[in-house]
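This is what each chain is made of:
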Amino acid sequence: MSEESRAGHPSHAVVTERIAALHGEEPFELLDCGVISTVTYRHLLTAGLEVDYTGIDINEAAIDDCRGLHPEARWEQMSVTDLTFPEGSFDVVNCRHVLESLPYYETAVRELFRVSRRTVVICMFQVPRETEVLLRRETADGYIWLNRYAAGPFEALLHSLSESVEIIDVPADHRRNQVYLCTKRSA
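Structure report, in brief.

Reading the values: the criteria
- Residues numbered from 1 in each chain as written.
- Predicted model: local features only at pLDDT ≥ 70, side-chain atom pairs only at ≥ 80, totals over all residues.
- Heavy atoms only, no water.
- Axes fitted to C-alpha atoms, helices over the stretch in contact; angles between N-to-C directions.
- Helix = DSSP H or I, 4+ residues; strand = E, 2+ residues; numbered from the N terminus.
- Parallel < 35°, antiparallel > 145°, perpendicular 65-115°, else oblique.
- Left-handed = near helix turned anticlockwise from the far one by under 90°.
- Contact = heavy atoms within 4.5 Å.
- Nonpolar A, V, L, I, M, F, W, Y, C, P; charged D, E, K, R; others polar.
- Core = buried A, V, L, I, M, F, W, Y, C linked by side-chain atoms within 4.5 Å.
- Buried < 20%, exposed > 50% of the residue type's maximum accessible area, 1.4 Å probe, protein only.

### Some remarks on the packing of helix 2 (residues 10-23) against helix 3 (residues 39-46)
Now for step 1: Taken N-terminus to C-terminus, the directions of helix 2 and helix 3 make an angle of 50°; their axes are 10 Å apart at the nearest point. Classified by the angle between their axes, helix 2 and helix 3 sit oblique to one another. Seen along the crossing, helix 2 lies across helix 3 with a hand that is right-handed. Between helix 2 and helix 3, the residues in contact are His-12, Thr-16 and Ile-19 and Val-39, Thr-40, His-43 and Leu-44, respectively.
Now for step 2: Residue classes in the contact of helix 2 with helix 3 are distributed as three nonpolar, four polar and no charged.

### Observations concerning the nonpolar core
Now for step 1: Formed by 30 residues in total, the largest nonpolar core has its most connected members in Leu-31, Leu-99, Val-109, Ile-122, Phe-154 and Leu-158.
Now for step 2: Counting only elements with at least two residues in this core, the list comes to strand 1 (28-33), strand 4 (90-96), helix 5 (106-115), strand 5 (116-124), helix 6 (151-161) and strand 9 (175-184).
Now for step 3: Filtering out sequence-adjacent residues up to four positions away, Leu-31 remains in contact with Thr-54, Ile-56, Leu-83, Phe-85, Phe-90, Val-92, Val-93, Asn-94 and Val-115.
Now for step 4: Counting residues in each nonpolar core, the second largest holds 21 residues, with Ile-19, Cys-123, Val-170 and Val-179 among its members.

This is the structure we're talking about:
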């Protein structure tokens, strides 16, 4: 997907709108997992939100590019399955189109909730549904995962960690995307 396509994807507007409704009048801390580019950060800035932003990606080159474009934000190379932040570090944790690229999602989801104080946003381009399909594709650099998880177990995990889960369908590019807006269960 091109940079222009990523930037114009309607799920960005949905996520930015929901975050603005929660934090539009106050500064907040956000962790963005799987940045590839600075698209989410730019959407938040354009919306006028006062965000203390940290972006992570496993790809070192992506992080270097992001640092060059927006040195005022924090950018760290890190895996979503092993976040080095203390528990409850961020008001909002955003994970966009990452879980489908992992061998499995459970460890990453638990990490997202662990470092969140209150809100976890997950955007999926491979919308969970029955039957689960775990696909590993060989590439010149090794392999990638392109998974479609079963909705039942995935949503059950979200509900077990959340006070509430709102599932928002976002049609785009001849396929549905889903945004899961989760309010973390109080300790």
